[in-house]
Amino acid sequence: QAAAEIVAYDDRSRRLLVVNAAQAQVEVLDARTPSAPTKLFDLMTVGVVAADGSTIPAGAIANSVDVRADGLTAVAVQSNPKTDDGYVFFDGRSDSGQAMGAVRVGALPDMLTFTADGSRVLVANEGEPSEDFTVDPEGSIAVIDVPRAHTRPFRVPSQSDVRIADFHAYEDGGPRRLPEGVRIFGPTVNEEFPV
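Residues numbered from 1 in each chain as written. Predicted model: local features only at pLDDT ≥ 70, side-chain atom pairs only at ≥ 80, totals over all residues. Heavy atoms only, no water.

J.: Would you take a moment to explain the overall build of the protein for this structure?
T.: Helices and strands together make up the secondary structure of the protein, namely 0 helices and 12 strands. Element order for the protein, N to C, with α for helix and β for strand: β-β-β-β-β-β-β-β-β-β-β-β. Per-residue burial over the protein gives 44% buried out of 195 residues. Nonlocal contacts in the protein, meaning residues at least 24 apart in sequence, comprise 42% of its contacts between residues at least 6 apart. Surface summary for the protein: the accessible area is close to 10,800 Å², and the carbon and sulfur share equals 51%. (Helix = DSSP H or I, 4+ residues; strand = E, 2+ residues; numbered from the N terminus. Buried < 20%, exposed > 50% of the residue type's maximum accessible area, 1.4 Å probe, protein only. Contact = heavy atoms within 4.5 Å. Areas by Shrake-Rupley, 256 points an atom, 1.4 Å probe, with all protein chains shown as cover.)

Right, dumping it as structure tokens:
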């Protein structure tokens, strides 16, 4: 089972934020003594209400975490089932472990990062299919405008701050061509060659 996978370091508070995928949470560790970090609390994502009115469901999985220089934290959370649109969870009150809120993004957000200037969060939505391939959501990139750095209190982005970039332009007959050497392929699913 997945557990500690992705780690971000908050230089301001000297804390480690560790994704615990199996529990859909981020563990916050005091790293002021690097040889002996101590756990402070968990950032819980399940049950948080998103800007679109939906709620992060039980069985959700935290996949990635990043923290801005001023302490604003973003967590990529895949929904349950994974083929549904996922979430980006925000927390800016790192002393409490209480969530600020979340926004909805594409299916299976697998990695996220703040841009260098801290004005946006970029999210890779993997769009992985269901185990039997009966549901196969599109992959996409979410671009989330976030509040200006160093302003207090933090404001959770609204759903209108989320833009989704898709890849339809690269489909057969589309206006864009992939660079030489880039291949797109998937499994063959049929009775003769089952997955």
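J.: How should unusual backbone geometry be read in this particular structure?
T.: As a rule of thumb, non-glycine residues mostly have phi less than zero, and peptide bonds are mostly trans rather than cis. The omega torsion across Asn 80 and Pro 81 is 10°, close enough to zero to call that bond cis. Structurally, Pro 81 is set in the loop between strand 6 (73–78) and strand 7 (85–91). The backbone of Leu 108 sits at a positive phi, close to 55°, despite the residue not being glycine. You can see Leu 108 is positioned in the loop between strand 8 (101–107) and strand 9 (109–114). The exposure class of Leu 108 is buried, given its relative accessible area of 4%.

J.: Mind showing me how you'd approach the nonpolar core here?
T.: Buried together is how nonpolar side chains tend to be arranged in soluble globular proteins. With 20 residues, the main nonpolar core has Leu 17, Val 26, Leu 43, Ile 56, Val 65, Val 75 and Val 77 as its most contacted residues. The element contributing the most residues to this core is strand 5 (residues 61–67), with 3 residues. Counting 17 residues, the second-largest nonpolar core is a separate cluster that includes Leu 72, Ala 74, Leu 112 and Phe 114. (Core = buried A, V, L, I, M, F, W, Y, C linked by side-chain atoms within 4.5 Å.)

J.: Would you mind showing me how to read the sheet that holds strand 6 here?
T.: As a general point, the strands of a sheet are linked pairwise by backbone hydrogen bonds and lie either parallel or antiparallel. With respect to topology, 4 strands assemble into an open sheet ordered 5-6-7-8, the strand pairing being antiparallel. Pairing within the sheet leaves two strands with one partner each, and these edge strands are strand 5 and strand 8. Ignoring strand direction, the axes of neighbouring strands in this sheet form an average angle of 25°. Where strand 7 and strand 8 come together, 5 bridges link them in antiparallel fashion. The residue bridging Phe 90 from the neighbouring strand is Gly 101, located in strand 8. (Pairing = 2+ DSSP bridges. Axes fitted to C-alpha atoms, helices over the stretch in contact; angles between N-to-C directions.)

J.: Would you mind showing me how to read the pattern of salt bridges here?
T.: Should the charged atoms of two oppositely charged side chains come close, the side chains can pair. Summed over the entire model, instances satisfying the criterion amount to 11 salt bridges. The closest approach of N and O atoms between Asp 10 and Arg 12, which form a salt bridge, is 3.2 Å. The buried category is assigned to Asp 10, whose relative accessible area is 3%. On the basis of relative accessible area, Arg 12 is assigned to the partly exposed category, the value being 44%. Between Glu 128 and Lys 82 there is a salt bridge, and its shortest N-O distance comes to 2.4 Å. Of this pair, Glu 128 sits in the loop between strand 10 (120–125) and strand 11 (140–145) while Lys 82 sits in the loop between strand 6 and strand 7; the two residues are 46 residues apart in sequence, bridging distant segments of the chain. With a relative accessible area of 28%, Glu 128 lands in the partly exposed category. (Salt bridge = Lys/Arg side-chain N within 4 Å of Asp/Glu carboxyl O.)

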